[in-house]
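# Topology and contacts: notes
Below, each chain spelled out in residue letters.
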Amino acid sequence: MTLSPARVPATGVRRLTRTLYGYAFLDDFVLLYPVYALLFADTGMSLWQISSLFALWSITGVVLEVPSGAWADAVSRRRLLWIGPLVTAAGFALWVAVPSYGAFAVGFILWGAGGALGSGALEALVYDELDRLGAADRYARTMGRARAARLLGTVASIGLAGPVLAQGGYAAVGAASFLACVLTAVTATRFPEHRLRADDAAGDTWATTLRTGLAEVRGDRAVRGALLLVPAVAAVWGALDEYTPLLVRDIGVAEATVPYLIMLIWAGVTLGSLLAGPAERLGTGGLAMLLAGAALALAVGAASRSLAGIALVSLAFAGFQLAEVLADVRLQHRIDESRRATLTSVANLGTELATVATFGVYALLGTDLPHGTVFAVLAFPYLVTALAVARARAATGRP
């Protein structure tokens with residue numbers, strides 16, 4: 001039987017999205033996530049040593065983010081998506097095989113490299129494959145659901161880490177994490193990829209791709225604005241997420257209640273991901289209102305230091321997650337296919353640098369102010385971003 005033209009794209013979209021959701025879930029289904037700090041401490045690492053490992057992890061991501069994105073535009077993106085998890089798996093295996101400071105450091109470098117290989121490449125592959133199938137308008141909904149799948153993977157790993165650790169110790173948790181990475185790599189081989197790559201077409205190197213991508217940013221104001229919007233939306237709330245347990249504890253609840261309220265906040269983030277498809281109709285003005293509303297909810301909720309306030313913080317995080325997906329959609333719509341992974345990685349690099357800066361600001365403010373006040377103060381950048389988005393809309397006259 002011959003498939004009708006209408007069914008061929010539908011079949012292709014289903015294959016792509018199912019592979020994406022499985023990949024996203026498995027990529028964050030790492031049982032080491034909630035316990036690796038305990039592994040380091042139990043191995044005898046000092047707080048300074050543990051902090052230096054985290055710094056090494058961040059530095060690796062910053063250094064490799066943009067070059068890996070340019071490489072993804074010069075070679076097969078699917079190839080990088082399955083190589084990355086295997087690199088990460090090697091790092092996890094090293095941690096449990098020879099637990100020591102040197103092994104942990106090398107493992108973090110491998111983990112950072114593995115994450116960098118997929119950053120930019122995934123968004124670029126998904127957008128271009130949807131575009132080939134005439135379904136680029138589904139990108140927001142698809143990536144929103146993928147982010148929700150990642151959150152489910154994280155929650156599942158947190159739930160299973162305790163029992164697995166109790167039964168088999170760090171070796172069992174490490175083995176489960178290694179297996180999850182291998183399954184992620186296997187799933188990545190199922191991604192379709194029909195792009196005519198730069199190395200097939202013109203012999204471009206990753207350095208050439210990077211130069212042309214940055215030239216596009218300098219020469220096109222719309223691309224530049226869309227690229228800057230990504231870190232402006234993603235960085236602050238991404239950093240604040242790390243401090244939510246401290247915010248929750250400050251309202252006076254029992255320690256045992258803190259995880260449940262954190263789950264409430266994560267439920268809001270998941271909801272924001274799932275609303276990405278319908279919310280794409282908001283346009284620029286709607287995005288500005290979304291950012292402003294989420295900023296106000298964050299400020300009021302955090303400052304109130306109450307259970308109702310935590311619900312408002314959850315609502316704010318839902319808005320920020322939704323806005324982050326929409327900002328990515330705007331960027332993908334404006335950049336050229338041949339430089340898609342490169343410029344997505346540039347935007348991600350901006351997010352990482354701004355996140356680190358937010359950590360520094362939080363540390364300075366948190367020295368003298370309660371966590372609720374710091375959260376409220378850090379809602380202000382979103383009001384500034386909302387105003388900038390609204391002014392840009394008024395200047396261009398476009399929705």
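Rules and cut-offs
Residues numbered from 1 in each chain as written. Predicted model: local features only at pLDDT ≥ 70, side-chain atom pairs only at ≥ 80, totals over all residues. Heavy atoms only, no water. Helix = DSSP H or I, 4+ residues; strand = E, 2+ residues; numbered from the N terminus. Contact = heavy atoms within 4.5 Å. Areas by Shrake-Rupley, 256 points an atom, 1.4 Å probe, with all protein chains shown as cover. Salt bridge = Lys/Arg side-chain N within 4 Å of Asp/Glu carboxyl O. Buried < 20%, exposed > 50% of the residue type's maximum accessible area, 1.4 Å probe, protein only. Phe/Tyr/Trp six-rings, centres within 6.5 Å; stacked < 30°, edge-to-face > 60°. Axes fitted to C-alpha atoms, helices over the stretch in contact; angles between N-to-C directions. Parallel < 35°, antiparallel > 145°, perpendicular 65-115°, else oblique. Left-handed = near helix turned anticlockwise from the far one by under 90°. Nonpolar A, V, L, I, M, F, W, Y, C, P; charged D, E, K, R; others polar. pLDDT = per-residue confidence, 0-100.

### Structural notes on the overall build of the protein chain
A tally of helices and strands in the protein chain yields 18 helices and zero strands. Of the contacts made within the protein chain by residues no fewer than 6 positions apart, 83% connect residues no fewer than 24 positions apart. Total accessible area on the protein chain stands at roughly 17600 Å², and carbon and sulfur atoms take up 66% of it.

### Some thoughts on the pattern of salt bridges
Taken as a whole, this structure holds seven salt bridges when the rule is applied. Across the salt bridge formed by Arg-150 and Asp-27, the nearest N and O atoms sit 2.9 Å from each other. With a gap of 123 residues between them, Arg-150 in helix α7 (residues 139-188) and Asp-27 in helix α1 (residues 7-27) connect regions that are remote in the sequence. Taking the relative accessible area as the measure of exposure, Arg-150 reaches 21% and is therefore partly exposed.

### Topic: the packing of aromatic side chains
Counting across every chain of the model gives 25 aromatic pairs. An angle of 85° between the planes, with centres 6.2 Å apart, marks the rings of Trp-95 and Phe-104 as edge-to-face. Pair check on accessibility: Trp-95 and Phe-104 agree, each one buried. Through pairs of rings, three or more aromatic residues link up here, namely Tyr-33, Tyr-36, Phe-40, Trp-57, Phe-92, Trp-95, Phe-104, Phe-108 and Trp-111.

### Observations regarding the packing of α7 against helix α15 (residues 307-334)
Contact geometry of α7 with α15 gives a least axis separation of 10 Å together with a crossing angle of 135°. The angle between the axes of α7 and α15 places the two elements in the oblique class. As α7 runs across α15, the sense of the crossing is right-handed. Contacts between α7 and α15 involve Tyr-139, Ala-140, Gly-144 and Arg-147 on the former and, on the latter, Gln-321, Glu-324, Val-325, Asp-328, Val-329 and Gln-332. A class-by-class count of the residues in the contact of α7 with α15 yields four nonpolar, three polar and three charged.

### Things to note about the confidence of the model for the protein chain
A residue-level look at the protein chain finds 90% of positions with pLDDT of 70 or above and a mean pLDDT of 85. Taken element by element, the protein chain is modelled with least confidence in helix α8 (residues 198-201), mean pLDDT 45, and with most confidence in helix α4 (residues 77-97), mean pLDDT 95. Overall, residues 1-6 carries pLDDT values under 50, and its contacts beyond four positions in sequence, including any with other chains, amount to two contacts.

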